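So the chains spell out like this:
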Amino acid sequence: MRAFVLDRDGWGLADLPDPRPGAGQVVVRTTAAGLCHSDLTLASRSVDQHPFALPLVLGHELAGTVEALGPGVAEHAGIEVGAAVVGYGPRGCGRCGRCASGAENYCRTPGPRLPPGLGAPGALAELVAVDADHLVPAPGVSPAQAAALTDAGLTARHALERAVMAVGLPAEETTVVVIGVGGLGHVAVQLARRAGSRLLAVDRLPAKRELAARCGADHVLAPGPSLARAVRELTQGRGADVVLDLVGSSSSLDLASEVVAIGGIVSIVGVGSGRLAVGMHALPLGVRTDLPYWGTRPELVGLLGLAAAGEVRVEVEEVGLEAVEAAYARLAAGEVLGRAVARPRG
Ligand code: NAD
Ligand code: ZN
Ligand code: ZN
């Protein structure tokens, strides 16, 4: 099969043997696999600092159809051969209280299992062997939408809802600032709009600001020296109750600290290398910070339902496997609108 592989000397397409399902696994024929900005960060790590064994098939946003069941996997509703599924990414122990509630993203005792594309062979391949207990039925959602929802959608939803809940105001009285309207950000904008929050979106690129406006942002703003003042003016001096930083650079975090309101929250989702100064007088009183990771299984199931009902829509750009490298380059340059999603079978 063909796969997109990160190796010690770079990345590119490779021919690999078809995977066989191990015990407890299912082989999925990939119908769509999303390209995440985190893959760029992963690829930029030096070989001796790499967190995962290389070579590694990338792709942690998986949609596909069940191809073959491995030893010990019984066919059950939604996971029969031919069924449309997505991968729930986070891997926990499966037994602690958090895992039992579906929040494997915050497992208290994570074991050796790793998500596809983030340690285990990923979805940017014609076939992928994945843990059967991490597949979620996804009928009624197109492959490209479904794939992008497993991370771009899920992470945006999780970070936003967790932050709004922490602030404790009714959603419609909450002002949300979304910094970075990319794959994750444009879904966050849609979900904040749906909740009825007051919504400001910031991106350095005009096309992303236009996307934010189409997704329902009340105001779209460009970063710059006058941005913090503009946010204060648009919020009657109060600032933003929720700042969702989907960039995580020093400039985006500086902005976050300048615009967050008393009792608000700065949620740092982006894995840029910036640092936020936390301390008395560094931030307004009562401000909290959060470092959300991915999302919970119930949140993913709910999101697939919203997408099936047409209430959330990821802007996707579909590419073949042979165009993945070019698509990553365009993602790095900020030229992908929404999510680039690979379709291994075209
Ligand atoms: P993306 O490249 O699609 O979007 C990033 C957006 O930020 C782009 O629109 C870009 O123009 C904009 N941007 C960059 N610098 C900016 C700045 N200084 N001010 C304003 N806008 C700026 O990326 P994505 O796939 O949506 O991922 C967003 C971030 O979230 C990445 O850092 C990614 O690694 C991270 N991520 C984190 C998790 C998690 O669990 N915490 C999960 C997925 C992705
Ligand atoms: Zn990701
Ligand atoms: Zn656990």
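Residues numbered from 1 in each chain as written. Chains lettered and ligands numbered in written order. Predicted model: local features only at pLDDT ≥ 70, side-chain atom pairs only at ≥ 80, totals over all residues. Heavy atoms only, no water.

The next point concerns the coordination of the zinc ion (ligand 3). For a metal bound by four donors in a tetrahedral arrangement, the ideal donor-metal-donor angle is 109.5 degrees, while six donors in an octahedral arrangement ideally sit at 90 or 180 degrees. Donor atoms from the polypeptide that bind the zinc ion (ligand 3) are Cys 93 (SG), Cys 96 (SG), Cys 99 (SG) and Cys 107 (SG), placed at 2.3 to 2.4 Å. Classification of the site at the zinc ion (ligand 3) as tetrahedral follows from its 4 donor atoms and the range of 103 to 116 degrees in their angles at the metal. All donor residues of the zinc ion (ligand 3) come from one chain, and their arrangement in sequence is C-x2-C-x2-C-x7-C. Note that Cys 93 is positioned in the loop between β6 (84-87) and α2 (97-100) and Cys 107 in the loop between α2 and β7 (127-131), a separation of 14 residues in sequence. Here Cys 93 and Cys 107 have matching classes, each one buried. (Donors = N, O, S within 2.8 Å, 3.2 Å for Na, K, Ca; no water. Tetrahedral: all angles 85-135°; square planar, octahedral: opposite > 155°, others 65-115°. Helix = DSSP H or I, 4+ residues; strand = E, 2+ residues; numbered from the N terminus. Buried < 20%, exposed > 50% of the residue type's maximum accessible area, 1.4 Å probe, protein only.)

Take the pairing of strand β10 (residues 198-202) next. Of all 5 residues in β10, 4 are buried; the element is thus mostly enclosed. Here 5 bridges tie strand β9 (residues 175-179) to β10, and the two strands are oriented parallel to one another. Directly across from Val 176, in β10, lies its bridge partner Leu 199. The pairing of β10 with strand β11 (residues 219-221) spans 3 bridges and is classified as parallel. Among the inter-strand pairings, Val 202 is bridged to a residue of β11, identified as Leu 221. In this fold, the crossover linking β10 to β11 by way of helix α5 (residues 206-214) has right-handed handedness. (Pairing = 2+ DSSP bridges. Right-handed = clockwise from strand over helix to strand, strands pointing away.)

The next thing to look at is the environment of Thr 174. Position of Thr 174 relative to the elements: it lies in the loop between α3 (143-167) and β9. Linking Thr 174 and Gly 264, residues 90 residues apart in sequence, is a C-alpha distance of 9.4 Å. In this structure, Thr 174 is in contact with Leu 169, Ser 197, Arg 198, Asp 241 and Val 242, ignoring residues within four places of it in sequence. (Contact = heavy atoms within 4.5 Å.)

Read these as geometric descriptors, not functional statements.
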